[in-house]
Amino acid sequence: MIKRFQNKVAESRFTLPAVAAYGIVIWLLCGLFPQQWWIQFVCFVLSTYLMVELNNSNVLIRIYSRSVSAAFIILSCIACFLFPSLKGAFVQLCFIASLLTLFRSYQDKESVGLTFYTFVFLSLGSLMEVHTLWFIPIYWIMMMFFVFTLTGRTFLASLLGILLPYWGLLAWILWRYEGDFEPLWQHFEPLADFQFPFDYTTIGLPRILTFAFLVGLFVTGLIHYLRTSFNDKIRIRQIYYTLIFLDIVAMVFLLAQPQHEDLMLRVIIITTSPLIGHFVSLTCTRLTNVAFCVILGISLLLTAYTLWSSSFIF
């Protein structure tokens, strides 16, 4: 097989350290020190580590490659307008952790422990961003049709996982507010807040361009994977189908309720990274090499634009 520029980059052991350094520079330029975004930055670092673990533990790329985690860093830097959100950073970390435990339970109908932890992570995320609860039925669908773990026992384990963080929240409310449950109702009230007709005027051009670019990457990765999925093992195929399904759901959610674009963009970044990483690592034609260079160039230009429009320094 001819080793083109894209293959050399995807398979190099220096790619992830170089991209990690690039990510740190973007955080610094965006205002890490002046704004004291230390917790958000730590969540970003932990999220990147979990993306590495997600790739390694599931062998998402059948050759040595760090393109999944590198793609995650690059796409996150494009969406640098998301950096200030502490809630979003924590929810993103919880999402990746939930996918990690979900995929480890593949075809294990007795995996009540892993299922419990999967939904604990989702529920913890919902404490910070209640609309994370929208994804709970989506996870049940994924367990039924892609991961093949949904049984009566695992369903009950998922319910216990959802309830555990809220039991802790309930105890805190009883202590802090002396039995006044108004803060708990206020936490769940936004779930019923649906906007119609859809108002896209509040999103802003940087978010629109970022979403459009992510959709383009998703379509590219999707077409490539559907054409070449027969080369992967059945388990890996099911994991990718899960990510594709979750990606589509997040895009539909964003289009239907654009006021939640921050949460949905984070989910789309998580699920698109393996798809585009697979494309970059496992193609080697002249056309895909040009496509890789174009994708890299657009990523840098779009990052520069979003950085200029959202940075607290410039």
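Here, every reference points to the structure presented above.
Worth saying up front: this structure is predicted, and the values here are computed from it rather than measured. Starting from 1, residues in each chain are numbered consecutively following that chain's sequence as written. Owing to the predicted nature of the model, reporting of local features is limited to residues with pLDDT of at least 70; listing and counting of side-chain atom pairs is limited to 80 or more, with chain, interface and lining totals taken over all residues. Side-chain descriptors were evaluated using all non-hydrogen atoms of the structure, hydrogens and water having been removed beforehand.

Q: Describe the overall build of the chain, naming the residues involved and giving the relevant values.
A: Under the DSSP-based scheme used, a helix requires at least four consecutive residues in state H or I and a strand at least two consecutive residues in state E, with every element numbered from the N terminus. Summing up its helical and strand segments, the chain has 14 helices and 0 strands in all. For the chain, the succession of helices and strands along the chain, N to C, is α-α-α-α-α-α-α-α-α-α-α-α-α-α. By the compact-globule yardstick of 20 Å for 314 residues, the chain fits well, its C-alpha radius of gyration being 20 Å. Overall, the chain is about 65 × 50 × 40 Å in size when its C-alpha atoms are taken along their principal axes. Note on exposure labels: buried denotes an accessible area under 20% of the residue type's maximum, exposed denotes more than 50%, and partly exposed covers the range between, all computed with a 1.4 Å probe on protein chains only. Looking at the chain as a whole, 52% of its 314 residues are labelled buried. Taking contacts inside the chain between residues at least 6 apart in sequence as the whole, the part at least 24 apart equals 79%. Radius of gyration means the value over C-alpha atoms here, while the globule rule gives 2.2 Å times the residue count to the 0.38 power. We call two residues contacting when some pair of their heavy atoms lies within 4.5 Å.

Q: Report on the packing of helix α11 (residues 205-228) against helix α12 (residues 234-256), specifying residues and quantitative values.
A: Note on geometry: axes are lines fitted to C-alpha atoms, helical ones only across the stretch in contact, with angles between N-to-C directions running from 0 to 180 degrees. Between α11 and α12, whose axes approach to 12 Å, the crossing angle comes to 150 degrees. Considering their axes alone, α11 and α12 lie roughly antiparallel with respect to each other. For the pair α11 and α12, the sense of crossing is left-handed. Two secondary-structure elements touch here, α11 through F211, L214, V215, F218, L222, Y225 and L226 and α12 through I236, R237, Y240, Y241, I244, D247, I248, M251, L254 and L255. Each residue is assigned to one class: nonpolar for Ala, Val, Leu, Ile, Met, Phe, Trp, Tyr, Cys and Pro, charged for Asp, Glu, Lys and Arg, and polar for all the others, Gly among them. Here the contact of α11 with α12 is composed, by residue class, of 15 nonpolar, no polar and 2 charged. Our angle categories are set so that under 35 degrees counts as roughly parallel, over 145 as roughly antiparallel, 65 to 115 as roughly perpendicular, and the remainder as oblique. Left-handed is the label given to a crossing in which the near helix is rotated counterclockwise from the far helix by less than a right angle, and right-handed is the label when the rotation is clockwise.

Q: Before we move on, can you summarise the side chain of Q92 with the specific residues and values?
A: For Q92, the position within the fold is in helix α6 (residues 86-104). When its relative accessible area of 5% is taken as the criterion, Q92 is described as buried.

Q: Lay out a nonpolar patch on the surface with the relevant residues and their values.
A: Note that patches include only residues with greater than 30% relative accessible area and no salt bridge, and the join distances are 9 Å for like charges and 5 Å for nonpolar side chains (Val, Leu, Ile, Met, Phe, Trp, Tyr). Surface accessibility in these figures is a Shrake-Rupley result with a 1.4 Å probe; residues are shielded only by whichever protein chains are displayed. We define a salt bridge as a side-chain nitrogen of Lys or Arg found within 4 Å of a carboxyl oxygen belonging to Asp or Glu. Together, I24, L28, F33 and W38 make up an exposed nonpolar region whose accessible area comes to about 360 Å². Here I24 is to be found in helix α2 (residues 15-30). Residue classification places I24 among the partly exposed residues on the basis of a relative accessible area of 39%.

Q: Let's hear about the nonpolar core: which residues, and what values?
A: Nonpolar cores were defined as sets of buried Ala, Val, Leu, Ile, Met, Phe, Trp, Tyr and Cys residues, with membership established by side-chain atoms within 4.5 Å. Judged by nonpolar contacts, the single largest core of 90 residues is most densely connected at F95, L99, L102, F135 and Y139. For this core, the element with the highest residue contribution is helix α13 (residues 261-281), accounting for 11 residues. Among residues more than four places away in sequence, those in contact with L99 are L54, Y139, L243, L246 and I270.

Q: Residues and numbers for the pattern of salt bridges, please.
A: Opposite charge on two side chains makes pairing possible when the charged atoms of those side chains draw close. Tallying each qualifying case throughout the model produces 6 salt bridges. For R207, the salt bridge identified is with D262, shortest N-O distance 3.1 Å. Here the residue R207 occupies a position in helix α11, and D262 occupies one in helix α13, the gap between them amounting to 55 residues. Note on R207: relative accessible area 18%, which makes it buried.

Q: I'd like a description of the packing of aromatic side chains, backed by residues and values.
A: Side-chain rings of Phe, Tyr and Trp (the six-membered ring for Trp) are treated as a pair once their centres are within 6.5 Å; stacked means planes under 30 degrees apart, edge-to-face means over 60, and tilted covers the remaining angles. Applying the stated criterion across every chain yields a total of 22 aromatic pairs. Linked through ring pairs, F95, F119, W134, F135, Y139, W140, F155 and F253 together constitute an aromatic cluster. Two limits define a charge over a ring: the Lys NZ or Arg CZ must be within 6 Å of the ring centre, and within 35 degrees of the ring normal. Between R13 and the ring centre of Y64, over which it is positioned, the NZ or CZ distance is 4.2 Å.

Q: Can you lay out unusual backbone geometry for me, pointing to particular residues and giving the numbers?
A: Look at V59: it is not a glycine, yet its phi comes out positive at around 50 degrees. Looking at the element boundaries, V59 is found in the loop between α4 (38-58) and α5 (67-78).

Q: Which residues make up α4, and what values go with them?
A: Any helix carries an expected span of 1.5 Å times its number of residues minus one. A rise of 1.5 Å per residue sets the reference length of α4, with its 21 residues, at 30 Å; its end C-alpha atoms lie 30 Å apart and thus fit the reference within 8%. All buried positions along α4 are accounted for by Q40, F41, C43, F44, S47, T48, L50, M51, V52, L54, N55 and N58. Those residues of α4 that are buried lie in contact with α2, α3 (32-35), α5, α6, α12 and α13. Note on α4: the residue one or two positions beyond its end, V59, has a positive phi of about 50 degrees.

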